[in-house]
Amino acid sequence: SAIYHATKSFIRNWAIAFQHELIGTGVGITVICPGPVKTKFVASSNSQKSLIFGALSWFAYESMDVATAAVNGTLNGTREVIYGPLWNVIQNLLSVYGEAYNIIAVKVLWQDPKAKYRSTTSKYDHK
C-alpha cells in the first residue's frame, strides 16, 4: 500500500511540475486521479478485503467510466482529471491537510482491517 500510494503521489507531482516546464511549448500533460477503480488489480492485490472495495465499494468506479473521463479531459487540455465528487473532496483535503490526512485515508480506507502486517496507530484504527 505504501509503495503504491507513494508512486501515485510521485507521478502526480512530477506531472504538475512538468506542466509548468512545458508552458509555451504547445505540449500538454494531463494527470489522472481516479480514486478506487474496479479492475483486476483489486483481486490480485487482495484489496477486496479493504474498506473501500468492501463495505464502501459503491465509492469505486468502473474502469470504462474513468477511462472516458481521462480521454475527454486530455482532449480538452485539462491539466488534472479527478474522477468522482468524493475524490474531488479528498483531493482538496489533501491539499489543505497534507500528509497527515493521506496517512489516515490510506490506513482507514485501503488496508485490510484483518491483515497480518497492518500498521497500527491508536485513535485511527477502526474495528
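Computed from a prediction, not measured in an experiment: that's the story for all the values here.

## Topic: the nonpolar core
Item 1. Membership of the largest hydrophobic core comes to 14 residues, with the highest contact counts inside it found for Ile52, Phe53 and Trp87.
Item 2. Elements represented by at least two residues in this core include exactly β1 (31–33) and α4 (85–97).

## Describing a nonpolar patch on the surface
Item 1. There is a patch of nonpolar side chains on the surface, built from Phe10, Ile11 and Trp14 and spanning about 340 Å² of accessible area.
Item 2. Secondary-structure assignment places Trp14 in helix α1 (residues 2–21).

## What to know about the packing of aromatic side chains
The geometry of two aromatic rings is summed up by the distance between their centres and the angle between their planes.
Item 1. Enumeration according to the criterion identifies 2 aromatic pairs in this entry.
Item 2. For the pair Trp14 and Phe18, a centre-to-centre distance of 5.0 Å together with 25° between the ring planes defines the contact as stacked. With Trp14 and Phe18 both in helix α1, this residue pair falls 4 residues apart, about one helical turn.
Item 3. Look at Trp14 and you get partly exposed, because its relative accessible area is 45%.

## Some points on helix α3 (residues 63–75)
Item 1. The first and last C-alpha atoms of α3 sit 18 Å apart over 13 residues, in line with the 18 Å expected at 1.5 Å per residue.
Item 2. The complete set of buried residues in α3 reads Val66, Ala69, Ala70 and Gly73. Along the axis of α3, the buried residues cluster in a sector spanning 100°; they form a single face. In this structure, α3 carries Met64 and Leu75 as exposed residues pointing more than 90 degrees from its buried face.
Item 3. Looking at the buried positions of α3, the neighbouring elements they touch are β1, β2 (37–38), β3 (61–62) and β4 (80–82).
Item 4. After α3 finishes, the residue Gly77 shows a positive phi value of roughly 80°.

## Points about the confidence of the model for the chain
Item 1. Averaged over every residue, the pLDDT of the chain is 77; the share at 70 or more is 73%.
Item 2. Across the chain, the secondary-structure element scoring lowest on mean pLDDT is helix α5 (residues 99–110), at 60, and the one scoring highest is α3, at 94.
Item 3. Counting contacts from residues 122–127, a segment whose pLDDT is below 50, to residues more than four positions away or on other chains yields 11 contacts.

## What to know about the pattern of salt bridges
Opposite charge on two side chains permits them to pair, given that their charged atoms come into close proximity.
Item 1. For the structure on display, the rule yields 2 salt bridges.
Item 2. Measuring nitrogen to oxygen at the nearest pair gives 2.4 Å for the salt bridge that ties Arg12 to Glu80. Here Arg12, found in helix α1, pairs with Glu80, found in strand β4; they are 68 residues apart in sequence, far enough to count as distant.
Item 3. Residue class for Glu80 comes out partly exposed when judged on its relative accessible area of 24%.
Item 4. For the salt bridge of Glu62 with Lys38, the shortest nitrogen-to-oxygen distance reads 3.3 Å.

Basis of the calculations
Residues numbered from 1 in each chain as written. Predicted model: local features only at pLDDT ≥ 70, side-chain atom pairs only at ≥ 80, totals over all residues. Heavy atoms only, no water. Core = buried A, V, L, I, M, F, W, Y, C linked by side-chain atoms within 4.5 Å. Buried < 20%, exposed > 50% of the residue type's maximum accessible area, 1.4 Å probe, protein only. Helix = DSSP H or I, 4+ residues; strand = E, 2+ residues; numbered from the N terminus. Patch = residues over 30% accessible without salt bridge, like charges linked within 9 Å, V, L, I, M, F, W, Y side chains within 5 Å. Areas by Shrake-Rupley, 256 points an atom, 1.4 Å probe, with all protein chains shown as cover. Salt bridge = Lys/Arg side-chain N within 4 Å of Asp/Glu carboxyl O. Phe/Tyr/Trp six-rings, centres within 6.5 Å; stacked < 30°, edge-to-face > 60°. Expected span 1.5 Å × (residues − 1). Arc of directions from axis to C-beta. Contact = heavy atoms within 4.5 Å. pLDDT = per-residue confidence, 0-100.

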